[in-house]
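Reading the structure
Chain by chain, the residues run as shown.
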Amino acid sequence: MQIFRKEKADLDDTAFRWALYGMLYSHKLFRIGYDSYATDKPPVLAEYIPSYSDKAKRLENVLTKRYPELEFVIFESVLLNEFLNHQIAQNTIYVQVEKDMSAYIFSQLQEELDERILMRPGKSEYGKYWTKDCIVVLDLISQSPLSTQFPHAITVEKMLVDIIAERSIAATFSPSEFPSLYANVLSAYSIDRRKLNRYAGRRGKAEEVREYLEEQSECFQGRCTQLNT
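From a predicted model like this one, the values you see are computed outputs, not experimental measurements. (Residues numbered from 1 in each chain as written. Predicted model: local features only at pLDDT ≥ 70, side-chain atom pairs only at ≥ 80, totals over all residues. Heavy atoms only, no water.)

**What about helix α8 (residues 178-188)?**
The test is simple: Burial here depends on accessible area, computed with a 1.4 Å probe over protein chains only, as a share of the maximum for the residue type. Under 20% is buried, over 50% is exposed, and the range in between is partly exposed. Per the convention used, a helix needs a DSSP run of H or I reaching at least four residues, while a strand needs a run of E reaching at least two, with both numbered from the N terminus. The criterion used for residue contact is that any of the two residues' heavy atoms lie within 4.5 Å.
Phe178, Leu181, Tyr182, Ala183, Val185 and Leu186 are the residues of α8 that are buried. Structurally, α8 contributes buried residues whose contacts are with α6 (156-165), α9 (193-202) and α10 (206-215).

What follows is the structure in structure tokens.
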């Protein structure tokens, strides 16, 4: 709105919205997300569908067969290699389970699987007890953005927040990679920014996520414009 107001300072809110609608209708502006617009038609971006390792798939099969009603999401650190400059060599599998069941699932996995299982580790605990391909059990935060097509696969919106909010995930790569990671994700995949911002707020990371998004506001070579309607 600030940029538009400078050009049309005499417009009130109603007139502004009609002017915005007119520009969208006449294809002078294109909506690229919630409150986000571009002057050029953006490319159609793909939906993010993670490609899991055999071990992660096996864990999903174990949980879905034993607990068909259980709500959980699986993420693994090597999924980030698609977006990182410095690759993650040793994988970690994370399973986020509805909070009332996470401790129970942790105990069951300890009994049934040979892999090391960690429960909500802090950064120091993670560094001390981590082993290759270990499984980390975390609480699934309520109001997480979930996939309707693949209910146990992590969505891109959830991933972009969790890599900041979950200390054991953030510990797997350098914080200096965050800007380029966000840039690579935003350029490759379609993102629902409303879901992203809502979940970031739920996790207390709204400001950090906003900063990374703003850093990429010119990632389309100056074609993106933020209009806070």
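**A look at the sheet that holds strand β3 (residues 72-76)**
Note the following rule: What makes two strands pair is DSSP finding at least two bridges between them. To obtain an axis, a line is fitted to C-alpha atoms, over the contacting stretch when the element is a helix, and the angle between two such axes runs from 0 to 180 degrees between their N-to-C directions.
Strand order in the open sheet formed by 4 strands is β3-β4-β6-β5, with mixed pairing between adjacent strands. Edge strands, defined here as strands with exactly one partner in the open sheet, are β3 and β5 (117-119). Strand-to-strand twist in this sheet, taken as the mean axis angle between neighbours without regard to direction, amounts to 25°. Of the strand pairs in this sheet, β5 and strand β6 (residues 135-140) are connected by 3 bridges, and their pairing is parallel. Each bridged residue has a counterpart across the sheet, and for Met119 the counterpart in β6 is Val137. Each of β3, β4 (93-98) and β6 is contacted by helix α3 (residues 54-66), which is oriented at about 170° to β3, the strand it contacts most.

**Some remarks on the pairing of β3**
Within β3, 5 of the 5 residues are buried, which leaves it mostly tucked inside the rest of the structure. Burial along β3 is two-sided: the residues Phe72, Ile74 and Glu76 and Val73 and Phe75 are all buried. Of the strand pairs in this sheet, β3 and β4 are connected by 5 bridges, and their pairing is antiparallel. Across the sheet, Val73 pairs through a bridge with Gln96, a residue of β4.

**Looking at the pattern of salt bridges**
Side chains that differ in charge, positive against negative, can pair when their charged atoms come close. Basically, it comes down to this: By salt bridge we mean one thing: a side-chain nitrogen of Lys or Arg within 4 Å of a carboxyl oxygen of Asp or Glu.
Across all of its chains, the model carries 8 salt bridges by this definition. Linking Arg66 and Glu112 is a salt bridge whose minimum nitrogen-to-oxygen distance equals 2.6 Å. Note that Arg66 is positioned in helix α3 and Glu112 in helix α4 (residues 99-112), a separation of 46 residues in sequence. Bridged by salt links that share partners, the residues Lys158, Asp162, Glu166 and Arg203 form one connected network.

**A look at the packing of aromatic side chains**
Inclusion rule: Aromatic rings from Phe, Tyr and Trp, taking only the six-membered ring of Trp, are treated as a pair when their centres fall within 6.5 Å; an angle between ring planes under 30 degrees marks them as stacked, one over 60 as edge-to-face, and anything in between as tilted.
Using the criterion set out here, one finds 8 aromatic pairs in the structure. On the numbers, 6.0 Å between centres and 35° between planes, the contact of Phe75 with Tyr94 is tilted. On the criterion of sequence distance, the pair formed by Phe75 in strand β3 and Tyr94 in strand β4 is long-range, its members being 19 residues apart. Comparing Phe75 with Tyr94 shows no difference in burial state: the two are buried.

**Here we look at the nonpolar core**
Cut-off, in case you're wondering: In plain words, nonpolar cores are sets of buried Ala, Val, Leu, Ile, Met, Phe, Trp, Tyr and Cys residues tied together by side-chain atoms within 4.5 Å.
Ranked by internal contacts, the top residues of the largest apolar core, which has 56 residues, are Leu63, Leu80, Val95, Met159, Ile163, Leu181 and Tyr182. Setting aside its immediate chain neighbours within four residues, Leu181 contacts Leu80, Phe83, Leu84, Leu160, Ile163 and Phe173.

**Some thoughts on the confidence of the model for the chain**
Heads up, the condition is: A score between 0 and 100, pLDDT records how confident the predictor is in each residue.
Per-residue pLDDT for the chain averages 86, and the proportion of residues at 70 or more is 82%. Model confidence for the chain, summarised as mean pLDDT per element, is weakest for strand β7 (residues 224-226) at 44 and strongest for β3 at 98. Considering only residues more than four positions removed or in separate chains, one finds that residues 220-229, a stretch of pLDDT under 50, has 33 contacts.

**Examining unusual backbone geometry**
Not every positive phi belongs to a glycine, and Arg120 is a case in point at roughly 45°. Along the chain, Arg120 falls in the loop between β5 and α5 (123-129). Judged by its relative accessible area of 42%, Arg120 is partly exposed. The backbone of Gln143 shows a phi angle near 70°, a positive value even though the residue is not glycine. Tracing the backbone shows Gln143 in the loop between β6 and α6. On the basis of relative accessibility, which here comes to 57%, the residue Gln143 falls in the exposed class.

**Focus: α3**
Filter applied, for reference: Multiplying 1.5 Å by the residue count of a helix minus one yields the expected span of that helix. The arc in question is the one spanned by the directions pointing from the helix axis to the C-beta atoms.
Its 13 residues place the ends of α3 18 Å apart at the C-alpha level, agreeing with the 18 Å of an ideal helix rising 1.5 Å per residue. Those residues of α3 not exposed but buried are Ala56, Leu59 and Leu63. The buried residues of α3 occupy an angular sector of 60° when projected down its axis, which confines them to one face. Across from the buried face of α3, at angles greater than 90 degrees, the exposed residues are Asp54 and Lys65.

**A word on the pairing of β6**
How we decide: Seen with its strands pointing away from the viewer, a crossover is right-handed if its path from the first strand over the helix to the second goes clockwise.
Across the 6 residues of β6, 6 count as buried, placing the element largely inside the fold. Pairing geometry for β4 and β6, over 6 bridges, is parallel. Across the sheet, the residue bridging to Tyr94 is Val136, located in β6. Note that the unit made of β5, α5 and β6 has a crossover that is right-handed.

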